[in-house]
Amino acid sequence: MDATLLLSADAAALAARRCPSTPARRPGQVAPGRRPASFRSVRARAAAAAAPAAGSVAGQSNGVYTVGDFMTRRENLHVVKPTTSVDEALEMLVQHRISGFPVVDDNGKLVGLVSDYDLLALDSVSGNGLADTNTNMFPDVDSTWKTFREIQILLSKTNGKVIGDVMTSSPIAVRENTNLDAATRLLLETKYRRLPVVDSTGKLVGMITRGNVVRAALKIKKKSEEDA
């Protein structure tokens, strides 16, 4: 399934105008084929936040910065495919000390995202509902070993599983010229750790993460102090 690229608030408004009227429904009932209201509200906020900053470049006198100024480039990212095994992806997480991957097809087009939690919470795939518990996957040093035992059990279920089984499809994506401040608000409001960056054809060109944003803030602060 293609990634969902949200360019501007106008796109969300246009979609709302085109949506045909529907018959009255009982309270709490969701129309067939439609997302719950809470999900749609996140998409609407994302559409507004992902509006591109026209013509902005790093170091402009107006102080406008874009995602492209600070994102991690595609050549520096570790990616997986929907057919990559969960075991292989877990090994890559440990080897490269990262917490997730963009998922691309054979043409480099973004098709999903997968995190360390997605890879370990396999009970949600098998229908046992681990995701509904409040168990911390990585407990404090002085806590019990119950969680570690649960991870061992979960790892026994990875055989035969592939990334396509556990990834988040149609992730929200931004462009290189998306305003950095808007992308930061989107990360905060949605509590996402990362946002994929795609070009006009949907191909992955980079990733903007919380870490990128912190480094950007420090760099901009330092530049501002030097210019003062």
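The structure under discussion appears in the preceding block.
What counts as what
- For every chain, the first residue of the written sequence is number 1, and numbering continues from 1 onward in sequence order.
- Totals for whole chains, interfaces and linings use every residue, but because this is a predicted model, local features are given only for residues with pLDDT of at least 70 and side-chain atom pairs only at 80 or more, for both listing and counting.
- Only hydrogens and water are set aside when side-chain values are computed; all heavy atoms of the structure are taken into account.
- Counting from the N terminus, the helices are DSSP H or I runs at least four residues long and the strands are E runs at least two residues long.
- Accessibility here uses a 1.4 Å probe with only protein chains present; expressed as a share of the type maximum, an area under 20% marks a residue as buried, one over 50% as exposed, and anything in between as partly exposed.
- Any two residues having at least one pair of non-hydrogen atoms within 4.5 Å are treated as being in contact.
- A 1.4 Å probe and the Shrake-Rupley method give the accessible areas. Residues count as covered only by the protein chains that appear here.
- For helices, the fitted axis covers only the stretch in contact; all axes are lines through C-alpha atoms, and the angles between them, taken along N-to-C directions, range from 0 to 180 degrees.
- An angle below 35 degrees is treated as roughly parallel, one above 145 as roughly antiparallel, one from 65 to 115 as roughly perpendicular, and anything else as oblique.
- Take the far helix as your reference; a near helix turned counterclockwise from it by less than a right angle gives a left-handed crossing, and one turned clockwise gives a right-handed crossing.
- By convention in these notes, a salt bridge is any Lys or Arg side-chain nitrogen within 4 Å of a carboxyl oxygen on Asp or Glu.

A. Representation of the overall build of the protein chain in the model. Assigned secondary structure in the protein chain consists of ten helices and eight strands. In the protein chain, which comprises 228 residues, the proportion classed as buried is 34%. Counted over contacts in the protein chain with a minimum sequence separation of 6, partners at least 24 positions apart contribute 66%. For the protein chain, the accessible area works out to roughly 13,800 Å², and carbon and sulfur atoms hold 53% of it.

B. Representation of the side chain of threonine 209. Note on placement: threonine 209 falls in strand 8 (residues 204-209). Not counting residues within four places of it along the chain, the set of residues in contact with threonine 209 comprises Leu187, Arg193 and Arg194.

C. Inspection of the packing of helix 9 (residues 180-190) against helix 10 (residues 210-227) at higher detail. Running from N to C, helix 9 and helix 10 point in directions that differ by 135°, and their axes come no closer than 11 Å. One element, helix 9, and the other, helix 10, form an angle in the oblique class. Seen along the crossing, helix 9 lies across helix 10 with a hand that is left-handed. Between helix 9, through Leu180, Thr184 and Leu187, and helix 10, the contact on the second element is made entirely by Arg210, Val213, Ala216 and Ile220.

D. Structural detail: the pattern of salt bridges. Considering all chains together, one arrives at five salt bridges under this definition. Of the charged contacts in the structure, one is a salt bridge between glutamate 176 and arginine 73, with a shortest N-O distance of 2.8 Å. Highlighted residues: glutamate 176 in the loop between strand 6 (172-173) and helix 9 and arginine 73 in strand 2 (residues 72-73), separated in sequence by 103 residues. Classification of glutamate 176 by relative accessible area gives partly exposed; the value is 33%. For arginine 73, a relative accessible area of 32% puts it in the partly exposed group. The residue aspartate 181 makes a salt bridge to arginine 185 at a minimum N-O spacing of 2.5 Å. Taken together, the residues aspartate 181 and arginine 185, both in helix 9 and four residues apart, mark about one turn of the helix. Using a relative accessible area of 39% as the deciding quantity, one classes arginine 185 as partly exposed.

So, to be careful, I would describe these as geometric facts and stop short of saying anything about function.
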